[in-house]
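# Working through the structure, step by step
As a plain string of letters, each chain reads:
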Amino acid sequence: MFRKILIANRGEIALRIIWACKELGIRTVAVHSDVDKDSLHVKFADEDVCIGPARNADSYLNMSAVISAAEITDADAIHPGYGFLAESAHFAEICQECHITFIGPPPEVIRLMGDKVMARRVFARAGVPVLPGSEGLVAGVEEAARIAADLGYPIIIKASAGGGGRGMRMVGNEEDLKVALDMAMAEAKAAFGVPDVYIEKYLEHPRHIEFQVLGDRFGNLIHLCERECSIQRRHQKLVEEAPSPALSPALREKMAEAALAGAREAGYVNAGTVEFLLDGQRRFYFMEMNTRIQVEHPVTENITGIDLVKEQIRIAAGEPLPYRQEDIRIEGHSIECRINAEDPLRFTPSPGRIRIFHVPGGPGVRVDTAAHQDCYISPHYDSMIAKLIVMGNSRTEAISRMKRALDSFVIEGIRTNIPLQRRIISDPDFERGELSTHFMDRYQQPLETPLAVSETS
Ligand code: ADP
């Protein structure tokens, strides 16, 4: 097992990884930008190294600074968390060259799944239904028009190197195709350095269902069931739950088999997530595979009782999986609400100093956060400041628990989306489990009845 792990991240996920290390008896090294020097991940790690100024490119994305920090502190592994360097095959390679274990899949698997066109091919080869679309990259507007006409509009143009909902454009008809293609290519180039895009059929009201998988170095690969993440705004998830209210045991089994077949074909090792879209006829299609721990991993931990971060560490240390598929049991229901520092009506960021921070507790409530009273929410970083996760014996119990937990979550000094989350959780469609990726459309327009927004949101 590792002696010391460097955590190449910040915020709640850095703390989450520190908790796992402490429980495993592993020492920790925090890295931080200069504005993060008083952050909780720095306070709770055994050692810390400042790796540069606030700007991500100068600190958390600065590979040589992170590697130097690992070398100076003699860390034998790096956990990248999510975001930042988590899905950089290049960074994983550099770690390998420096004899530091990267806690994640091998670089070639990260590269393969990071190229969405290649990932589609790998999953198709494994017999998994992929969304109908272009064979590979789309070179120009004539080719795009031909493919789109074959598929039928609407279609979606996506960046092959995409992630985080960037470089994606829905196109409703041929007239809009050229402009959309140019814009998608420009966006892809700006965000990912390459203008490569491909086309998929756009599903009108799908559900986003993803499967958690775990694989060790000995070829053992299991799944930990699904999460439903259909509640999204601008392709960013807001509420996640496990299990999905939409899956019958038979459909769960079929989708899980598909996820495992694709992951096996990719040579997958460590924790990963296979994302599918499910249409109104209960047909599912592979969308992409994420090669890291996900923000929403706690809902899976709640229903399976498995600590995913500890498993990632054990797998990276070369241990075999301690479970077989038949050992995995789902119990209860778990929901996560992402708490963002933003104006709940306009969705604009709301950085600033938190004056009062009271987190809910009681049975079945977990709060993953690095925020606290008097901490400063910097405009430099992601606006997600906490994850409120509840567990219940049933979905109904989880919903009522989430309602009361949201009601007792007090954050003063900045605005948060707590009022919006209350509204989502109390929405009759949410309560009935009638979800789709367009659920949030109802909140895009100025609301007729304004949310109860106050400075104490
Ligand atoms: P990213 O990696 O940038 O997050 P994804 O491929 O995971 O992109 O897609 C993010 C979200 O975009 C999905 O959850 C879904 O809401 C929407 N989406 C992506 N592809 C399609 C599609 N073909 N049809 C309808 N919606 C889609």
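Just above, that's the structure.
Report on the accompanying structure. (Residues numbered from 1 in each chain as written. Predicted model: local features only at pLDDT ≥ 70, side-chain atom pairs only at ≥ 80, totals over all residues. Heavy atoms only, no water.)

## A closer look at the pattern of salt bridges
The final tally for this structure, using the stated rule, is 43 salt bridges. R3 is the partner of D76 in a salt bridge, and the nearest nitrogen-oxygen pair spans 3.5 Å. With D76 in the loop between α3 (63–73) and β4 (77–79) and R3 in the segment before β1 (4–7), the pair connects residues that are 73 residues apart, well separated along the chain. Its salt-bridge partner being D427, residue R442 comes within 3.0 Å of it at the nearest N-O pair. Note that R442 is positioned in the segment after α14 (428–432) and D427 in the loop between α13 (418–425) and α14, a separation of 15 residues in sequence. Among the charged side chains, a salt-bridge network with shared partners connects E210, R227, K237, E240, E275, E296 and R338. (Salt bridge = Lys/Arg side-chain N within 4 Å of Asp/Glu carboxyl O. Helix = DSSP H or I, 4+ residues; strand = E, 2+ residues; numbered from the N terminus.)

## Regarding unusual backbone geometry
For the bond from Y153 to P154, the omega torsion is 0°, close enough to zero to count as cis. Relative to the elements of secondary structure, P154 occurs in the loop between α7 (141–151) and β6 (155–163). In this structure, P243 follows A242 across a cis peptide bond, with omega equal to -5°. Among the structural elements, P243 can be located in the loop between β11 (236–242) and α9 (249–265). If you check the backbone angles, R282 has positive phi at about 65° while not being a glycine. Along the polypeptide, R282 turns up in the loop between β12 (270–278) and β13 (284–290). A residue is classified by how much of its surface remains accessible, and R282, at 44% relative accessible area, is partly exposed. (Buried < 20%, exposed > 50% of the residue type's maximum accessible area, 1.4 Å probe, protein only.)

## Observations concerning the packing of aromatic side chains
With the rule as written, the count across this model stands at nine aromatic pairs. With 5.7 Å between their ring centres and 80° between their planes, Y60 and Y381 make a pair best called edge-to-face. Here Y60 is found in the loop between β3 (47–52) and α3, whereas its partner Y381 is found in the loop between β18 (376–377) and β19 (384–392), with 321 residues between them in sequence. Pair check on accessibility: Y60 and Y381 agree, each one buried. Geometrically, the ring pair formed by F357 and F409 is edge-to-face, given 5.7 Å between the ring centres and 70° between the ring planes. You can see F357 sitting in strand β16 (residues 356–358) and its partner F409 sitting in the loop between α12 (395–407) and β20 (410–412), a full 52 residues away along the chain. Accessibility classification places F357 together with F409 in one group, the buried group. Of the aromatic side chains, those joined through ring pairs into one cluster are Y60, F84 and Y381. One residue, R233, lies across the ring of F347, its end atom 3.6 Å from the ring centre. Over the ring of F430 we find R395; its NZ or CZ atom is 4.8 Å from the centre of that ring. (Phe/Tyr/Trp six-rings, centres within 6.5 Å; stacked < 30°, edge-to-face > 60°. Lys NZ or Arg CZ within 6 Å of the ring centre and 35° of its normal.)

## Re the site of the ligand
As a matter of local geometry, the ligand sits amid 21 residues, with G165, K201, H208, Q232 and E288 nearest to it. Take L203: an N or O atom from its main chain is 2.9 Å from a nitrogen atom of the ligand. The separation between an oxygen atom of the ligand and a polar side-chain atom of H235 is 3.0 Å. Bound to the protein, the ligand loses 95% of the 550 Å² it would expose on its own. For the shell around the ligand, the secondary structure elements donating two or more residues are β6, β7 (166–171), β8 (197–201), β12 and β13. The biggest single contributor to the shell around the ligand is β6, with three residues. Within the shell around the ligand, the residues separate by chemical class into seven nonpolar, seven polar and seven charged. For the shell around the ligand, the domains that each give at least three residues are domain 2 (132–201) and domain 3 (207–443). (Near = heavy atom within 4 Å. Polar contact = N/O pair within 3.5 Å; in protein donor to acceptor, adjacent residues only side chain to side chain. Areas by Shrake-Rupley, 256 points an atom, 1.4 Å probe, with all protein chains shown as cover. Nonpolar A, V, L, I, M, F, W, Y, C, P; charged D, E, K, R; others polar. Domains from an automatic or database assignment.)

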